[in-house]
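Structure assessment
What follows is the residue order along each chain.
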Amino acid sequence: MKQIEKFISSFAKEFDHYFLDLIPTNNYSRQLHKAMKYSISVGGKRLRPLFLIEISKMLGVKRNRALRAAAAIELIHCYSLVHDDLPAMDDDDLRRGHMTCHKKFDDATAILVGDAFQSLAFQILSDKKTHPNSEVRCKLINQLSIAAGASGMVGGQMLDLAAEKKKLTLDEILLLQKLKTGELFKFSCIAGPILSELRNIKIFSKYAKSIGLAFQIKDDLLDIEGDEEKMGKKTKKDSSRGKETLISFYGVENAKKKSEELIKSSKDLLKPFGLKAKCLIDLTNFIISRNN
Ligand code: GRG
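Anyway, here's the lowdown on the structure attached to this text. Every value quoted in this text rests on a predicted model; they were computed, and no experiment measured them. Counting restarts for each chain: residues are numbered from 1 in the order of the written sequence. Thresholds applied to this predicted model are a pLDDT of at least 70 for local features of residues and 80 or more for the giving and counting of side-chain atom pairs; totals over whole chains, interfaces and linings are not thresholded and use all residues. The side-chain values count all of the structure's non-hydrogen atoms but skip hydrogen atoms and water molecules.

1. Here's the deal with the packing of helix α1 (residues 3-21) against helix α3 (residues 47-58)
Note the threshold: To obtain each axis, a line is fitted to C-alpha atoms, and for helices this fit is confined to the stretch in contact; angles are then taken between N-to-C directions over 0 to 180 degrees. Only runs of H or I of at least four residues qualify as helices and only runs of E of at least two qualify as strands under DSSP, and these elements are numbered from the N terminus. The scheme is simple: roughly parallel for angles under 35 degrees, roughly antiparallel for over 145, roughly perpendicular for 65 to 115, oblique for anything else. Here, residues are in contact when the closest pair of their heavy atoms is within 4.5 Å. Classes in brief: Ala, Val, Leu, Ile, Met, Phe, Trp, Tyr, Cys and Pro nonpolar; Asp, Glu, Lys and Arg charged; the others, Gly included, polar.
For the pair α1 and α3, the least separation of the axes is 10 Å and the interaxial angle reads 95°. With respect to their mutual orientation, α1 and α3 come out roughly perpendicular. Across the interface between the two elements, Phe 7, Ile 8, Phe 11 and Phe 15 from α1 touch Leu 47, Pro 49, Leu 50, Ile 53 and Glu 54 from α3. Residues of the contact of α1 with α3, tallied by class, amount to eight nonpolar, no polar and one charged.

In structure tokens form, the structure reads like this:
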């Protein structure tokens, strides 16, 4: 295992301990509680939390505050995966190498798990433990709701569903991906600047735009070239449904080149941070070197 992979997996272990403890244990159905714990304990790379925490560290944000914002973004991500796997959406049996939530439990439970994750994310952000300044908390809530909602991930998912019935242009695909994947990455990259109360949100929004698109190109490449066992999910789904992807426009080789350019330009944005950005640079490279 490469150094960066070891680092990511040890972070995921540490984060998961903390993350599982945030699921409230009383006052509601045991089935819902079990399904919530199941859906977050089956793994995942925890990349969105890791980017959020590394950027926060560079900016001197207290770790416990960054961890709370990181849990909020991962809850939104986990909710989106649980809902995306449902029969009405992508209809998948396998996620992160385990049965999907609706297969392990049932469709209604999976819908409620997603709903509960979403509200828990905002409950965490609105708590004073996340930041003593209410303006900071409000900004985090505002940005996460934009990223997750109709002009962010949910809007992107709607475009994605429509893409099964209609051929999209490159610009339409770029918009779809920016909304569906890019907006959550953006929150991961700007939460640290918000928590730090510094004025460097613009650099990190720009950085997020590049890594979000590079992540999506890699995701499309993995769908074509990836190993189902390593990925822990079904591959070749887009091609088998005749769905247009970034790869169908760029072609495999150009897509790889494009993703390398995006990673280079995102690392250039980190130059002013010098050695402080070392770990974030390694993580940036991982976006396209990963094999799951
Ligand atoms: C249902 C509202 C709603 C949205 C679903 C996330 C999503 C939108 C769909 C999932 C399908 C997909 C492949 C999206 C592309 C990017 C993505 C989210 C990949 C999975 O993220 P990773 O690789 O997953 O970070 P892990 O499992 O490591 O957390």
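2. Concerning the site of the ligand
Defined as follows: Throughout, the term near means that a residue has one or more heavy atoms lying within 4 Å of the molecule or strand in question. Here a polar contact is taken to be a pair of N or O atoms separated by no more than 3.5 Å, where protein atoms must pair a possible hydrogen donor with a possible acceptor and residues adjacent in sequence count only if both atoms sit in side chains. Accessible surface area values rest on a Shrake-Rupley calculation with a 1.4 Å probe, where residue burial reflects the displayed protein chains alone.
Neighbouring the ligand are 19 residues, the closest being Lys 45, Arg 48, His 77, Ser 80 and Arg 96. One nitrogen or oxygen atom from the side chain of Arg 48 is found 2.7 Å from an oxygen atom belonging to the ligand. For the ligand, an oxygen atom lies 2.8 Å from a polar atom in the side chain of Arg 96. Bound to the protein, the ligand loses 92% of the 700 Å² it would expose on its own. Of all elements in the fold, only α4 (63-84), α8 (153-162), α9 (170-196) and α10 (201-225) reach the threshold of two or more residues within the shell around the ligand. Considering every element that reaches the shell around the ligand, the biggest residue donor is α4, with five residues.

3. Here's the deal with a negative patch on the surface
To keep things clear, this is the line we draw: Residues form patches when they are more than 30% accessible in relative terms and have no salt bridge. Like charges link within 9 Å. Nonpolar side chains (Val, Leu, Ile, Met, Phe, Trp, Tyr) link within 5 Å. One speaks of a salt bridge when a side-chain nitrogen belonging to Lys or Arg is within 4 Å of a carboxyl oxygen belonging to Asp or Glu. For the purpose of counting charges, residues Lys and Arg are taken to be positive, whereas Asp and Glu are taken to be negative. His and the chain ends are not included. We put the charge of a Lys on NZ, of an Arg on CZ, of an Asp on CG and of a Glu on CD.
Taken together, the side chains of Asp 91, Asp 93, Asp 106 and Asp 107 make up a negatively charged region of the molecular surface. Position of Asp 93 relative to the elements: it lies in the loop between α4 and β1 (94-95).

4. Regarding the packing of helix α6 (residues 107-126) against helix α7 (residues 134-148)
Any two packed helices are characterised by how steeply their axes cross, that is the angle between the axes, and by the distance between the axes. Selection criterion: When the near helix sits turned anticlockwise from the far one by under a right angle, the crossing is termed left-handed; a clockwise turn instead gives a right-handed crossing.
Here α6 crosses α7 at 160°, and the two axes come no closer than 9 Å. If you check the angle between α6 and α7, you find them roughly antiparallel. Crossing geometry of α6 relative to α7 is assigned as right-handed. From α6, Ala 121, Phe 122, Leu 125 and Ser 126 reach across to α7, where they touch Arg 137, Leu 140, Ile 141, Leu 144 and Ser 145. Partitioning the contact of α6 with α7 into residue classes produces six nonpolar, two polar and one charged.

5. Side note on the pattern of salt bridges
The following threshold applies: Exposed residues in this analysis have more than 50% of their type's maximum accessible area, buried residues have under 20%, and partly exposed residues fall in between, with area computed by a 1.4 Å probe over protein chains only.
Throughout the structure, instances matching the rule amount to 16 salt bridges. Its salt-bridge partner being Arg 46, residue Asp 16 comes within 2.7 Å of it at the nearest N-O pair. Note that Asp 16 is positioned in helix α1 and Arg 46 in the loop between α2 (30-41) and α3, a separation of 30 residues in sequence. Overall, Asp 16 belongs to the buried group, its relative accessible area being 18%. Across the pair Asp 85 and Arg 95 runs a salt bridge whose closest N-O atoms are separated by 2.9 Å. Residue Asp 85 is found in the loop between α4 and β1, and its partner Arg 95 is found in strand β1; the two are separated by 10 residues along the sequence. A relative accessible area of 14% means that Arg 95 is categorised as buried. Salt bridges sharing partners connect three or more residues here, namely Asp 16, Arg 46, Glu 74 and Arg 96.

6. Side note on the nonpolar core
We count it as follows: Side-chain atoms within 4.5 Å link the members of a nonpolar core, which is a set of buried Ala, Val, Leu, Ile, Met, Phe, Trp, Tyr and Cys residues.
Phe 204 and Tyr 207 are the most contacted members of the largest nonpolar core, which has 88 residues in total. Here this core gets 12 residues from one element, more than from any other, and that element is α4. Those residues in contact with Phe 204 that sit more than four places away from it in its chain are Ile 55, Met 58, Leu 59, Cys 189, Ile 190, Pro 193, Leu 270, Phe 273 and Leu 280.

7. Remarks on the packing of aromatic side chains
Two aromatic rings, taken as a pair, are described by how far apart their centres are and by the angle between their planes. We count it as follows: Between the rings of Phe, Tyr and Trp (Trp by its six-membered ring), a pair exists once the centres lie within 6.5 Å; its type follows the angle of the planes, with under 30 degrees stacked, over 60 edge-to-face, and the other angles tilted.
Applying the stated criterion to the full structure yields seven aromatic pairs. Between the aromatic rings of Phe 185 and Phe 215, the centroid separation amounts to 4.7 Å while the plane-to-plane angle is 50°, which identifies the pairing as tilted. In this pair, Phe 185 sits in helix α9 while Phe 215 sits in helix α10, placing the two residues 30 residues apart along the sequence. Taking 5.5 Å as the distance between ring centres and 45° as the angle between the ring planes, the aromatic pair formed by Phe 204 and Phe 273 counts as tilted.

8. Some points on helix α14 (residues 252-268)
Cut-off, in case you're wondering: One fewer than the residue count of a helix, multiplied by 1.5 Å, yields its expected span. Note that the arc is computed from the directions linking the helix axis to the C-beta atoms.
Its 17 residues give α14 an end-to-end C-alpha distance of 25 Å, which sits within 8% of 24 Å, the value for a rise of 1.5 Å per residue. Every buried residue of α14 is accounted for by Ala 255, Ser 259, Leu 262, Ile 263 and Ser 266. Down the axis of α14, the buried set is contained in an arc of 100°. They therefore lie on one face. Relative to its buried face, α14 has exposed residues pointing more than 90 degrees away, namely Glu 253, Glu 261 and Lys 264. Its buried side turned inward, α14 meets α10, α13 (246-250) and α15 (278-289).

9. A closer look at α4
Here α4 is 22 residues long and its end C-alpha atoms lie 31 Å apart, about the 32 Å a rise of 1.5 Å per residue gives. With 20 of its 22 residues buried, α4 lies for the most part within the structure.

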